[in-house]
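# Descriptive structure summary
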Amino acid sequence: MTSSQPEAESAEEAGAAEEVEAPHPLAEYAESVASAVGGEGVVTFDTVKVTVPADQWVETLTTARDELGLVMLSFVSAIDWSNQPAVGEALEEELEEETFELLATVADLTEGRRVTFSTRIPHEEAVIDSLVEVYAGANWHEREAHEMFGIVFTGHPDLSHLYLPDGFLGNPLLKSFPLLSREVKPWPGTVDVEAMPEDDDDESEAESEGDGDEAAPADEAEPEEATDDEADDEEGS
Amino acid sequence: MTLDQESVRHLSEVSVSVELETPEMTLNIGPQHPSTHGVLRLMARVDGERTYDVRPVIGYMHRGYEKLAEVRTYPQITTIVNRIDWVSGYANEVPFMTAAEKLMEIEVPERALWIRTILTEMARISSHLVFMASYPLELGAATPLFFALRERERVLDLLESVTGGRFHPNFNRIGGVKPAYGSGSSTRKMIQDLPASFFAETKLAMENVLEACEQLEDLVAGNEIILARTRGVGVLPPEVAAAYGVTGPNLRASGVAFDLRKVEDYLPYDQFDFDVVTGENGDCWDRWYVRLQEIRQSARIVSQAVDSIPSGPLQAKVPKVIKVPRGETYVRAENPKGEMGYYLVSDGGQGPYRLKIRSASFSNISILPWALEGVLIPDIIAIMGSLDFVLGDVDR
C-alpha cells in the first residue's frame, strides 16, 4: 500500500515500506496455525487470519480450542461480499462470485494470541454448521448473523430473532438491504457537500497526498462527503 | 432431605420447599426494571423460589450501528462508537481509531497516545464508580451510591474540561486527539493544548478517588448483608466464562490473570506500572472486589501518565479527506466492561465496507442462561448486577 504513494514524503514512510519487506513477527505463528488446521494463513495488519474450506469449519475451531489453546470466543460474524450495495460505496473491483465470508475470532488467555478464522459460503446456499457445540458463546453471535445476513447455522438450538422484532422481514446487514432513513432523506444534506471557494487548493493537495487513483467526479456525487467543519478538523497541520 | 450450606443460608426457602407443592410458573422480569441498567427482559420458568430456563430478551436498544457505519465516513463514525457503552464513551473510541490508523499506517504522536491513555483510564474509573454506586443499591444499600457518584462527578468534570462532553466526548481523531482550536488549520496557527490546570486537578482527583475507594471498602466490605448475598453466589468457572466470551473484570474475578492492556499495543501501557487484579472464587463478591481494585490501579496509571507525559504535537499529519486503504484488521482493547473490538474491513473508500463491533457486555450477558439456571429469585439481581453490563453495549 505504501508503494502506491507517489513519493515517500518522509523517512517514516520509507521505514514503513521496509517493514513490509521484513517478515511480520506474527508470520511464523500464522503459518503454524494454518498448518495445524489445514488452511491458508496471512497476517493482515497485525491480525492473524486463517482461511479454511467451509466443510472444515467446525473441525477447525475444535482444533483451535483443543490443540492451539484458543479457548476464548471473541466473536462470530459475517461479511456480505456483494456487487449490489443499496447503501454505501460499491467495491472498487467487481467480484466474480458473491459470497458470505464467515469470521470467527478466538483467543487464548495467556499470551495474547488471537486468530481470526474465515471461510466463504455462496449467497445462494448460505448454510454452515453451527459452532455452538465448540464455543457456547457462539449461540447469540450466530443468532445475530442469522437475522442480519440470513445465514442458516445447522445444529443451532434456536435461531429465533435476537435483536429484531418477531415479524421483521429481510436481513438488515445485507448490502442489498436499503437503509430507510437514507431513502427518505439523504444525509448529510447535499448543501453540506458544496466546497467552499477557499477549499479548492486544499482539495487538490489532499488528492496528491492520498492514493492517486481516486476519481474526483465520483467524490462530488458522493453524498457521504465529510462536512466542511469535519474536514477542517481532520486536516493535518 | 440433607441441608447443604446454600440452603441453610436461605432458611425461608427451606421451609417453603419442604412444606409446599410449588406449581411451575413463568416469570417476566423487565423490560423496565431498575436493576437492568436499560431495557432487558428476562423470561424465567419459576419453580418455588428457583428459576430455570432463563431466556434474556434483548434488542430493545438496538440501533443498527454496524449498518450505520457502512454509510458514514470514518470521522463521522466516532460519534456512533462512543454511544455504544455510554458509561465509558471515551474508551470505545480508541480501538476504532487504532484500527483505522493501522490500515492507514499512521503513527500517532506520543503525547496524543498519553492523553488517550489518561482519558481511557479516567473513563474506566468513572464506569467502575457507577458499578460501585449501583450494585450495593440493587442489594439494598443506598449509602455507597453517594460516595461513588461524588467522585465520579469530579472525574467526569475533568473529562468534560478536556473533551467538552461528559458522556460522549467524541475527542479522538484519526491520527491523534482533537487538535485544539486552530491547531489543525493552515490559516489559524494558534495551538492550544489541554486546559492549563488539568494535570494538577487530575492528580488531586486521583487522590480523592483513592480515598473514596477506602470509604467504599469500609462501607461495603464490612456489611454482613452484602457479604451474605454475594459470597458464593453466581460462581463462574473460568473455562465456562471463556467459552461464552466473558471478558474483563468478570473473567479476572474467576481467577484468570488476563488483561488486554498487558498484551495488546493499542496504547502505551507498557510504560506504566500496574497490576492485573484477579479474584479467587469467581462469585459476585469477587467481581465487586476486582472492580474496586481496578479503580485503584487505574488511578495509579493516570498519576504516572500525568507525571511522565511527553510534549509534542497532538495530531499526526493526515490527508484532509480521510480515505482508508484497502485491508482488514481486528483491534481489541480492554474496555471497562471487557474486550471491546472492531473488525474493520476497508475497500479504500471514505467509509468502511464492514465494521463488526464486538462489544463486551453482549458476550458478558450471553452467559446469563447458564449462570441463572437453578438460582434463587433474589440472586438473579445479585448475579445480573455483578456482571456490570450496559444495554447500549449489549444491543449496539
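Residues numbered from 1 in each chain as written. Chains lettered and ligands numbered in written order. Predicted model: local features only at pLDDT ≥ 70, side-chain atom pairs only at ≥ 80, totals over all residues.

## Quick word on the overall build of chain B
The helix and strand inventory of chain B stands at 17 helices and 8 strands. Residues counted as buried form 57% of the 396 residues belonging to chain B. Contacts in chain B between residues at least 24 apart in sequence constitute 72% of all its contacts with a sequence separation of at least 6. (Helix = DSSP H or I, 4+ residues; strand = E, 2+ residues; numbered from the N terminus. Buried ≥ 20, exposed ≤ 12 C-beta atoms within 10 Å, placed from the backbone. Contact = placed C-beta atoms within 7 Å.)

## Let's talk about the overall build of chain A
Counting its regular elements, chain A contains 8 helices and 7 strands. Per-residue burial over chain A gives 32% buried out of 237 residues.

## Focus: the environment of Ala 371 of chain B
By secondary structure assignment, the location of Ala 371 of chain B is in helix H15 (residues 368-371). Excluding residues within four positions of it along the chain, Ala 371 of chain B makes contact with Gly 234, Leu 236 and Ile 383 of chain B.

## Focus on the confidence of the model for chain A
Summary statistics for chain A give a mean pLDDT of 73 and a share of 69% for residues scoring 70 or more. Confidence drops under a pLDDT of 50 for residues 196-237 of chain A, and excluding neighbours within four residues, the segment shows 63 contacts in the predicted structure. (pLDDT = per-residue confidence, 0-100.)

## Some details on the interface of chain B and chain A
Taken together, the contact pairs 62 residues of chain B with 54 residues of chain A. Only helix H3 (65-70), helix H4 (74-81), helix H5 (89-104), helix H10 (238-243), strand S6 (327-335), strand S7 (338-346), strand S8 (354-358) and helix H14 (360-365) of chain B provide two or more residues apiece to the side of chain B that touches chain A. In terms of residue count, S6 of chain B provides more of the side of chain B that touches chain A than any other element does, 5 residues in total. For the side of chain B that touches chain A, the class distribution of residues is 21 nonpolar, 19 polar and 22 charged. (Nonpolar A, V, L, I, M, F, W, Y, C, P; charged D, E, K, R; others polar.)

## Digging into the sheet that holds S7 of chain B
Two modes of strand pairing occur in sheets, parallel and antiparallel, and in both the strands are linked by backbone hydrogen bonds. All names here are of chain B. Spatially, S6-S7-S8 is the arrangement adopted by the 3 strands of the open sheet, whose pairing is antiparallel. In this open sheet, the two edge strands, each paired with only one partner strand, are S6 and S8. Here the average twist between neighbouring strands, direction ignored, is 10°. The sheet contacts of H5 involve S6 and S7, and relative to S6 the element is tilted by about 155°. (Pairing = 2+ DSSP bridges. Axes fitted to C-alpha atoms, helices over the stretch in contact; angles between N-to-C directions.)

## Let's talk about unusual backbone geometry
All names here are of chain B. Even without being a glycine, Asp 53 presents a positive backbone phi close to 55°. Of note, Asp 53 is situated in strand S3 (residues 50-57). Of note in this structure, Asp 388 is not a glycine but carries a positive phi near 50°. Here Asp 388 is to be found in the loop between helix H16 (377-386) and helix H17 (391-395). Looking at Asp 388, the number of C-beta atoms within 10 Å reads 29, which means it is buried.

## Side note on the nonpolar core
Of all hydrophobic cores here, the largest spans 160 residues; its most connected members are Val 106 of chain A together with Ala 100, Leu 119, Met 122 and Ile 383 of chain B. Element by element, the count of residues in this core is highest for helix H6 (residues 110-138) of chain B, at 15 residues. In contact with Leu 119 of chain B, other than residues within four places in its own chain, are Tyr 90, Leu 159, Val 162 and Phe 171 of chain B. (Core = buried A, V, L, I, M, F, W, Y, C linked by C-beta atoms within 7 Å.)

## Focus on helix H4 (residues 138-149) of chain A
Over its 12 residues, H4 of chain A runs 16 Å from end to end, which matches the ideal 16 Å to within 8%, given 1.5 Å per residue. When you tally the buried positions in H4 of chain A, you get 12 out of 12 residues, the bulk of the element. Of the positions making up H4 of chain A, those classed as buried are Ala 138, Asn 139, Trp 140, His 141, Glu 142, Arg 143, Glu 144, Ala 145, His 146, Glu 147, Met 148 and Phe 149 of chain A. Buried residues in H4 of chain A make contact with strand S3 (72-81), strand S4 (99-107) and strand S7 (152-154) of chain A together with H14 of chain B. In the segment just after H4 of chain A, Gly 150 of chain A is the residue with positive phi, at about 80°. (Expected span 1.5 Å × (residues − 1).)

## Focus: the environment of Lys 203 of chain B
Structurally, Lys 203 of chain B can be placed in helix H8 (residues 198-221). Sequence-distant contacts of Lys 203 of chain B, that is, excluding residues within four places in its chain, are made with Ser 303 and Val 306 of chain B.

## Examining the pairing of S3 of chain B
All names here are of chain B. The pairing of strand S2 (residues 41-47) with S3 spans 6 bridges and is antiparallel. Each bridged residue has a counterpart across the sheet, and for Leu 42 the counterpart in S3 is Pro 56. In this antiparallel pair of consecutive strands, S2 and S3, the connection spans 2 residues, and Gly 48 shows a positive phi of 65°.

## Some points on the sheet that holds strand S1 (residues 24-29) of chain B
Residue and element names in this part refer to chain B. Spatial strand order, S1-S2-S3: 3 strands in an open sheet with antiparallel pairing. The open sheet has two free edges, formed respectively by S1 and S3, since each of these has just one partner strand. The average undirected angle you get between the axes of adjacent strands in this sheet is 20°. Where S1 meets S2, 6 bridges bridge the pair, whose relative direction is antiparallel.

## Focus: the confidence of the model for chain B
Low pLDDT marks stretches whose predicted atomic positions should not be read closely. Residues and elements named next belong to chain B. Averaged over all residues, the pLDDT of chain B equals 84, while 90% of them reach at least 70. Predicted confidence is poor over residues 182-190, with pLDDT under 50, and the contacts of this stretch with residues over four places away or in other chains come to 16 contacts. Both confidence scores are given for the complex: pTM 0.79, ipTM 0.82.

## Regarding the pairing of strand S5 (residues 114-122) of chain A
Consecutive residues of a regular strand have side chains that alternate between opposite faces of the sheet. All names here are of chain A. Pairing geometry for strand S2 (residues 47-51) and S5, over 4 bridges, is parallel. Each residue of the ladder has a partner; that of Lys 49, found in S5, is Thr 116. The hairpin turn running from S4 into S5, its antiparallel successor, is 6 residues long, and Gly 112 in that turn takes a positive phi close to 85°.

## A look at the packing of H4 of chain B against H5 of chain B
Residue and element names in this part refer to chain B. Running from N to C, H4 and H5 cross one another at 155°; their axes reach a closest spacing of 9 Å. Considering the angle they form, H4 stands roughly antiparallel to H5. Of the two elements, H4 crosses H5, and the hand of that crossing is right-handed. Residue-level contacts link Tyr 74, Ile 77, Thr 78 and Val 81 of H4 to Asn 92, Glu 93, Phe 96 and Ala 100 of H5. (Parallel < 35°, antiparallel > 145°, perpendicular 65-115°, else oblique. Left-handed = near helix turned anticlockwise from the far one by under 90°.)

## Focus on helix H13 (residues 284-308) of chain B
Between its first and last C-alpha atoms H13 of chain B spans 36 Å; for 25 residues at 1.5 Å apiece the expected length is 36 Å, and the two agree. The buried fraction of H13 of chain B is high, at 18 of 25 residues.

## Section: the packing of H6 of chain B against helix H7 (residues 143-163) of chain B
All names here are of chain B. Packing of H6 against H7 brings their axes to within 8 Å, and their N-to-C directions diverge by 155°. For the element pair H6 / H7, the angle class is roughly antiparallel. Relative to H7, the crossing made by H6 is left-handed. Here Leu 119, Met 122, Ile 125, Ser 126, Leu 129, Val 130, Met 132, Ala 133, Pro 136 and Leu 137 of H6 come into contact with H7, specifically with Pro 144, Leu 145, Ala 148, Leu 149, Glu 151, Arg 152, Val 155, Leu 156, Leu 158, Leu 159 and Val 162.

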